[in-house]
Amino acid sequence: MSKIVRTTAAGGVGFLAGLLLERGLESLTGLDFVDGLFAVSGSVLAALSVNRDLVKAAARNIEQMFGKDPLEISEGEWRQFKELNPKTAEWLEKALKI
Amino acid sequence: MISVSFLTSMLAGLVTKLGIDQLMKHGYMPQATYIKAALKALEKDDLDEAIRSYHLSVRRWRPSQRTEVAGEIIASAIAVRIAKLERRVAELDEILYPRRFSRQFWLNLLPRNRSKLQALQEERKGYEEAITVLNKIRDNLNQRG
């Protein structure tokens, strides 16, 4: 048990060291070093939630285009959106089972 | 005194961190990771980051329906911004370049309005520049996407 704790602590310290190094390099070089270790678990979660994110982003675009909530747009406005964004509209129709 | 095993584990953590950074940076992570990052950047209005993540999503992975939709969403977000700016430019043009002998035409000749018109000219210039930048960003998305 104590070995697990020690290994976890050491791994954590290593991660923190990496984080510090990343920030240090970033401030020294101005380069953009992409966020690290959490990307592993993040990528799994991302696969699960990316569909929801696509729907949300599309809804935001509709809101910006017509200045109203996507649920309130008319059929004509939907057709206009569909004409301009055929793939997104198709995706939304499938995702929301319209 | 720090033990060798502690240092080894620490080094392993460090190497993992740097390794994953590199994988992420060069497009080796799952496609969904990059699509998600692109949409998150778009939400924050960071178009450059959104396009960078979008390009990474198709750099090593075959384009999928999701990447196509994400690309279209980004392009649409840029188009909405351009349209808004163009509307504002058209509004300013009505003030700055009115029809001859219209009310605005005479108002523009008054000396007290000169500084206001100058400020509007500057504002218009700023919008024109922003439109040019957005068009370049959109071209960048289409070219490499």
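Structure shown above.
Residues numbered from 1 in each chain as written. Chains lettered and ligands numbered in written order. Predicted model: local features only at pLDDT ≥ 70, side-chain atom pairs only at ≥ 80, totals over all residues. Heavy atoms only, no water.

### Things to note about the overall build of chain B
Argument step 1. From N to C terminus, chain B includes six helices and zero strands.
Argument step 2. Taking as baseline every contact in chain B between residues at least 6 positions apart, the subset at least 24 positions apart corresponds to 69%.
Argument step 3. Here chain B displays about 9,000 Å² of accessible surface, and carbon together with sulfur accounts for 56% of that area. (Helix = DSSP H or I, 4+ residues; strand = E, 2+ residues; numbered from the N terminus. Contact = heavy atoms within 4.5 Å. Areas by Shrake-Rupley, 256 points an atom, 1.4 Å probe, with all protein chains shown as cover.)

### Side note on unusual backbone geometry
Apart from glycine, the bulk of residues carry a negative phi angle, and the bulk of peptide bonds sit in the trans form.
Residue and element names in this part refer to chain B.
Argument step 1. Positive phi, close to 70 degrees, is recorded for Asp-45, a residue that is not glycine.
Argument step 2. Its place among the elements puts Asp-45 in the loop between α2 (31-43) and α3 (47-57).
Argument step 3. Its identity as a non-glycine residue notwithstanding, Phe-101 has a phi of 65 degrees, on the positive side.
Argument step 4. As for its placement among the helices and strands, Phe-101 is situated in the loop between α4 (65-96) and α5 (103-109).

### As for the interface of chain B and chain A
Argument step 1. Taken residue by residue, the interface counts 34 residues in chain B and 41 residues in chain A.
Argument step 2. By the criterion of area lost to chain A, the three top residues of chain B are Lys-17, Arg-66 and Glu-72 of chain B, representing 18% of everything that side buries.
Argument step 3. A salt bridge links Asp-53 of chain A to Lys-36 of chain B; its shortest N-O distance comes to 2.6 Å.
Argument step 4. Viewed at the interface, chain A and chain B are joined by seven residue pairs in polar contact (both at pLDDT 80 or more).
Argument step 5. Elements with a contribution of two residues or more to the side of chain B that touches chain A: α1 (4-25), α2, α3 and α4 of chain B.
Argument step 6. Taken together, the residues of the side of chain B that touches chain A break down into 16 nonpolar, six polar and 12 charged. (Buried area = accessible area lost by both parts, 1.4 Å probe. Salt bridge = Lys/Arg side-chain N within 4 Å of Asp/Glu carboxyl O. Polar contact = N/O pair within 3.5 Å; in protein donor to acceptor, adjacent residues only side chain to side chain. Nonpolar A, V, L, I, M, F, W, Y, C, P; charged D, E, K, R; others polar.)

### Notes on the packing of aromatic side chains
Argument step 1. One pass over the full model with this rule turns up four aromatic pairs over all chains.
Argument step 2. Relative to Phe-81 of chain A, the ring of Trp-78 of chain A lies with its centre 5.7 Å away and its plane at 25 degrees, an arrangement referred to as stacked. Taken together, the residues span about one helical turn, with Trp-78 of chain A and Phe-81 of chain A both in helix α3 (residues 75-84) at a distance of three residues. Phe-81 of chain A carries the same exposure label as Trp-78 of chain A, and that label is buried.
Argument step 3. Each member of the aromatic cluster is reached from another via a ring pair, and the members are Phe-101, Phe-105 and Trp-106 of chain B. (Phe/Tyr/Trp six-rings, centres within 6.5 Å; stacked < 30°, edge-to-face > 60°. Buried < 20%, exposed > 50% of the residue type's maximum accessible area, 1.4 Å probe, protein only.)

### Quick notes on the packing of α2 of chain B against α3 of chain B
Residue and element names in this part refer to chain B.
Argument step 1. One can describe the packing of α2 onto α3 by two numbers: an axis separation of 7 Å at closest approach and a directional angle of 165 degrees. Taken together, the axis directions place α2 and α3 in an arrangement best described as roughly antiparallel. The handedness of the crossing between α2 and α3 comes out as left-handed. Between α2 and α3, the residues in contact are Gln-31, Tyr-34, Ile-35, Ala-37, Ala-38, Ala-41 and Leu-42 and Leu-47, Glu-49, Ala-50, Ser-53, Tyr-54, Leu-56 and Ser-57, respectively. (Axes fitted to C-alpha atoms, helices over the stretch in contact; angles between N-to-C directions. Parallel < 35°, antiparallel > 145°, perpendicular 65-115°, else oblique. Left-handed = near helix turned anticlockwise from the far one by under 90°.)

### Focus on the pattern of salt bridges
Argument step 1. Under the counting rule described, the total for this entry stands at 11 salt bridges over all chains.
Argument step 2. Residue Lys-68 of chain A is joined to Glu-77 of chain A by a salt bridge in which the shortest nitrogen-to-oxygen separation is 3.1 Å.
Argument step 3. Taking the relative accessible area as the measure of exposure, Lys-68 of chain A reaches 27% and is therefore partly exposed.
Argument step 4. Overall, the relative accessible area of 18% leaves Glu-77 of chain A in the buried class.
Argument step 5. Taking the shortest distance from any N to any O, the salt bridge between Arg-81 of chain B and Asp-45 of chain B comes out at 2.2 Å. Highlighted residues: Arg-81 of chain B in helix α4 and Asp-45 of chain B in the loop between α2 and α3, separated in sequence by 36 residues.
Argument step 6. When its relative accessible area of 17% is taken as the criterion, Arg-81 of chain B is described as buried.
Argument step 7. Taken together, the shared-partner salt bridges connect Arg-88, Glu-91 and Glu-123 of chain B into one network.

### Observations concerning the side chain of Glu-77 of chain A
Argument step 1. Looking at where Glu-77 of chain A falls in the secondary structure, it is placed in helix α3.
Argument step 2. Glu-77 of chain A has contacts with Phe-66 and Lys-68 of chain A, leaving out every residue within four places of it along the chain.

### Let's talk about the packing of α2 of chain B against α4 of chain B
Residue and element names in this part refer to chain B.
Argument step 1. The N-to-C vectors of α2 and α4 enclose an angle of 15 degrees; their axes lie 10 Å apart at closest approach. Between α2 and α4, the angle is such that the two are roughly parallel. Our pair here, α2 against α4, has a crossing hand that is left-handed. Contacts from Gln-31, Ile-35, Ala-38, Leu-39 and Leu-42 of α2 reach α4 at Arg-66, Thr-67, Ala-70, Ile-73, Ile-74, Ala-77 and Arg-81.
Argument step 2. Looking at the contact of α2 with α4 residue by residue, the class counts come to eight nonpolar, two polar and two charged.

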